[in-house]
Amino acid sequence: PLRLELSLFADQLSTRWTQLEHLDLTLHSTPATNAGAGFFTSELVGGAKGVVTEWARLTNATFSAKAEHRVEGALTNWLPANAELGLQAEGVGTQWAQAGRLELTGHGRPAPVGPARGLEAWWSRLEPFEFGASLLVSNFTMPKLAIDSAGLTLDWREGRMSIRDL
């Protein structure tokens, strides 16, 4: 069976979009054990002691992504089935706000097939998917605001979005 493992380590990595310190990434992809032929499970995990972009700075950032996907034809033609994402960081800062800790999680999958709802707005391209995301920040400060912790949860199902825990 096809199995893929890749690892990337770098003391410093710079692109035109970001600068990373002490980067460690690992990708594993194996045939899925609970799905049919042609399905794979891929996991990407990593972290960086420092991340700097044009918009934000993060320290002690960790990232994880897991996807179950089908491969049709060439190995580059991955069709998503289920996906989970996670990002945690300490010492988050932008030009507008600071946070002591940030946790972002997300999940998504193709929606069960049903009648099209005929959405005509920009989000109509999201109709064939179900996804959700949660954001939690602690020690959040802005020049005239301080919050110990705050959270937000977003769900998208059947062409409808709900926001809660704000």
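Residues numbered from 1 in each chain as written. Predicted model: local features only at pLDDT ≥ 70, side-chain atom pairs only at ≥ 80, totals over all residues. Heavy atoms only, no water.

## Let's talk about the confidence of the model for the protein
Residues with a pLDDT of 70 or more make up 78% of the protein, whose mean pLDDT is 84. Of all secondary-structure elements in the protein, the lowest mean pLDDT belongs to strand 9 (residues 160-164), at 73, while strand 1 (residues 4-14) reaches the highest, 93. (pLDDT = per-residue confidence, 0-100. Helix = DSSP H or I, 4+ residues; strand = E, 2+ residues; numbered from the N terminus.)

## What to know about a nonpolar patch on the surface
A contiguous nonpolar surface patch, about 410 Å² in accessible area, is contributed by Leu-104, Leu-135, Leu-152, Met-161 and Ile-163. Relative to the helices and strands, Leu-152 resides in strand 8 (residues 145-157). (Patch = residues over 30% accessible without salt bridge, like charges linked within 9 Å, V, L, I, M, F, W, Y side chains within 5 Å. Areas by Shrake-Rupley, 256 points an atom, 1.4 Å probe, with all protein chains shown as cover. Salt bridge = Lys/Arg side-chain N within 4 Å of Asp/Glu carboxyl O.)

## Observations regarding the packing of aromatic side chains
Taken as a whole and judged by the stated rule, the model has one aromatic pair. Judged by centre distance (6.2 Å) and plane angle (15°), the rings of Phe-131 and Trp-156 are stacked. Of this pair, Phe-131 sits in strand 7 (residues 129-142) while Trp-156 sits in strand 8, placing them 25 residues apart in sequence. (Phe/Tyr/Trp six-rings, centres within 6.5 Å; stacked < 30°, edge-to-face > 60°.)

## Some points on the layout of surface pockets
In this structure, the largest pocket encloses a volume near 410 Å³. Lining the largest pocket are 18 residues, with Leu-20, Val-51, Leu-58, Phe-63 and Leu-87 sitting closest to its centre. When residues of the lining of the largest pocket are traced back to their parent elements, those giving at least two are strand 2 (18-31), strand 3 (39-53) and strand 4 (57-71). It is strand 3 that provides the largest number of residues to the lining of the largest pocket, a total of six residues. A breakdown of the residues in the lining of the largest pocket according to their chemical character gives 13 nonpolar, five polar and no charged. (1 Å grid on protein atoms, 1.4 Å probe; cavity = no way out; pocket = protein on both sides within 12 Å on 5 of 7 lines; lining within 4 Å. Points joined across faces, edges and corners; volume = space filled by probe spheres on them. Nonpolar A, V, L, I, M, F, W, Y, C, P; charged D, E, K, R; others polar.)

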